[in-house]
Structures are given as structure tokens and as C-alpha cells.
Amino acid sequence: MQVNPWLVGIFVVVIFTMLLIDLGLVNKKSHQITNKEALRWTLIWISLSMGFSAVVWWQLGFTKFAEYQSAYWIEEALSVDNMFVFILVFKFFKLDGVLQHRVLFWGIIGALVFRAIFIFSGIGLIKMTYLPAFELFGYQFSLDQGAHPQPGFFFRPNLILTIFGAFLIYAGIKSLFDADDDDQKDYSKSLGARMVRKIFPVTKHYYGERFFVKRGTKRLATKLFLVLVVIETTDLIFAIDSIPAIFAIAPNDPLILYTSNIFAVLGLRSMYFLLANSIHMFSKLKYGLAFILSFIGVKMLLAPFFHIESAVSLSIVLGALLLSVCASIIWREESEEQTA
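Owing to the predicted nature of the structure, the values given are computational and were not obtained by experimental measurement.

1. Thoughts on the nonpolar core
- Counting residues in each nonpolar core, the largest one holds 90 residues, and the members touching the most others are Ile 74 and Ile 296.
- With 14 residues, the top contributor of residues to this core is helix 3 (residues 62-92).

2. Quick word on the sheet that holds strand 3 (residues 153-155)
- Strand order across the open sheet formed by three strands is 1-2-3, with mixed pairing between neighbours. A single partner strand is all that each edge strand has here, and the edge strands are strand 1 (134-136) and strand 3. Adjacent strand axes in the sheet meet at a mean angle of 40°, parallel and antiparallel pairs treated alike.
- By the bridge criterion, three bridges tie strand 1 to strand 2 (residues 139-143) in an arrangement that is antiparallel. The residue of strand 2 that forms the bridge with Glu 135 is Gln 140.

3. As for the environment of Leu 161
- In this fold, Leu 161 is placed in helix 5 (residues 159-177).
- In this structure the C-alpha to C-alpha distance between Leu 161 and Phe 247, which are 86 residues apart in sequence, comes to 7.7 Å.

4. Brief notes about the packing of aromatic side chains
- Tallied over the full model, the rule gives 21 aromatic pairs.
- Between Tyr 68 and Tyr 72, the aromatic rings sit 6.4 Å apart at their centres with planes inclined by 5°, giving stacked as the arrangement. In this pair, Tyr 68 and Tyr 72 both sit in helix 3, four residues apart, roughly one turn of the helix. In terms of burial, Tyr 68 and Tyr 72 fall into one category: buried.
- Ring geometry for Tyr 72 and Trp 73: centres 4.9 Å apart, planes at 85°, overall edge-to-face.
- Residue Tyr 72 is classed as buried on the basis of its relative accessible area of 1%.
- By the ring-pair criterion, three or more aromatic residues cluster together here, those being Phe 11, Phe 52, Tyr 68, Tyr 72, Trp 73, Phe 120, Tyr 258 and Phe 263.
- Between Arg 219 and the ring centre of Phe 212, over which it is positioned, the NZ or CZ distance is 4.6 Å.

Cut-offs used in this document
Residues numbered from 1 in each chain as written. Predicted model: local features only at pLDDT ≥ 70, side-chain atom pairs only at ≥ 80, totals over all residues. Heavy atoms only, no water. Core = buried A, V, L, I, M, F, W, Y, C linked by side-chain atoms within 4.5 Å. Buried < 20%, exposed > 50% of the residue type's maximum accessible area, 1.4 Å probe, protein only. Helix = DSSP H or I, 4+ residues; strand = E, 2+ residues; numbered from the N terminus. Pairing = 2+ DSSP bridges. Axes fitted to C-alpha atoms, helices over the stretch in contact; angles between N-to-C directions. Phe/Tyr/Trp six-rings, centres within 6.5 Å; stacked < 30°, edge-to-face > 60°. Lys NZ or Arg CZ within 6 Å of the ring centre and 35° of its normal.

And the structure:
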């Protein structure tokens, strides 16, 4: 599809400006993030994302606006689960709040690169795996995803989207029955930690904000670098769920997928510090996320035969999030009353 230069220009200017402000002014030196500061930056990033979605509506119309919103909130919701694991990783490695700030910043910078690779290569793969046009029982399967459905015509099935759909349904169901044993996990033996130790000798202690130190002629990775790689690999593993999920929204539109994903990811660092102090408010979120994953999977599988409008998908995703958060608050209040 043709890329809108206005949207690309606005996106690049906003992202680079905000990163320069973040890195060069506000957070030039790592410091302990207060709840007030975390809330302020979370609201700033959400406001910027909503403002950009308004520009999408202005330039491309309501359908693309709804696609952007759906992809953004799906990524935001699935990333909350990711944040819980980050909290456990930092707790396991005994990393204080000041250094958490540095790890999250560079972890998110890495996520910008890896998300671009996943999204653009995924869209290329999707374009190559549509089945040829064919007729079945008098119906024409000849429309590309993104085209407007016509009477008597259906979308051509796509091999990758079908696999993604089945995987997301499986992931959604599996998440309901997974035991909450992440807090018992030994993260020093995780994939990221093993990778680092195979390449570098690793120090047993932190050396301030430094990722590498020299001891004689040897270059050693610090414990902080080990934590950074563990966080980055954890994010990549979680992206296996979130990236296929957003492909159901706009499988042939890299601009919508990438911009919504990046705005969601860039707001995660400030959101992390809020979540770290309010985990109790999300105890039932896993049920909402399981429903969202399964719904997106069903949407993918039904796509060739039945088109679910973007506005409907957005309403369902937001509704599931809202209900799961409300259930968390109500359930917590009932538990407190019973134990009082």
C-alpha cells in the first residue's frame, strides 16, 4: 500500500523529539521514579498516541483510526502482563529503582528495532502466503485483506494468518490454566542469561550504570548488562503473542501496525513504575488477556468468511480490558472485607 508521507513525518518527529527530551533533558541522569512522575509520563505518552490516532483519522479515515486504536490497546494490554515479569526479574536480581530506569530505557530502545523487524518481515511473509483466487460452492475467494467485502465474494485464506489464529487461541486457553509460578523462576538460568554468559564473563556485582568494565586485558559484562539482556529476551518472547495478535487488525498496513506498537511500547517504562506499586489492581487481568488472545485468534480464522469491523474489534478489546480491571478491583475489595 502507499505510505502517507504526512503520517510518517509526524511520527518520526514526535518519536525523536520525545526521545531527545527523555534522554537529553528529563532523564539525563538515572534517578528514582516517583509515582507522580510515572503517572505524568504515562499520561503524556497516552495523550501523544491518542493525538496521533486523530491525525490518522484526519488523513486516512475512521476505519484506519479504529485499526490503529485496536492495535494500540491490544499491545498495551498484552504488555501489562510483560511488565509483571519485569517486576519479578528486577526483584530476583535485586536491582534498585535507579538502575531499573536505565535498563528499561535501553530495553525499550532495543524493542523499537526488534518490533520493526518482526512487523515488516511478518507483513512480507503474509503477502507471500495468500492462496490463489478460487471458487467454492459458487462463492469467489478472490479479495485481498483490506479490500471492502462484496456480496458473493470472500477474502482469500492466508496460511500464516491461519497459523497465527490457531496459535493465539491456544495461547489464550493455555494462559488460563498456567500456574502463577513466575515468582519461583530462576531467571539466572533464563535464555538471555545463558546467552550472555556464553559470550562474556559476567561480574557478580553492579558497577553503577555501566554495562561493561575492564579488568586488566579482559572486558567483562556487568550484572546490569545481564539483567538488560534478560529483559530484552523476555520482551521478545512476549512479542510472539502480541505481534501475531495485531496482524489480525491490519495485516497489510505496516504504518498502522508499527506506529501503534511503538507508541504503546514507549509508554511502558513510565507505566512500569505505576504497575510495580499497584499489582493488586490487575489480579484478574489474565482472564481479560486470555479472552482477547482467543478473540483475535477466532477473528483471524474467520477472516476469509466473515469480516469483523475494526470498530467492533476495538469495542470488544476495550470492553474485555475494562471488565477485567473492574473484576480485579471488586474481587480485591471482597477479599479485604472477608479478611477484616
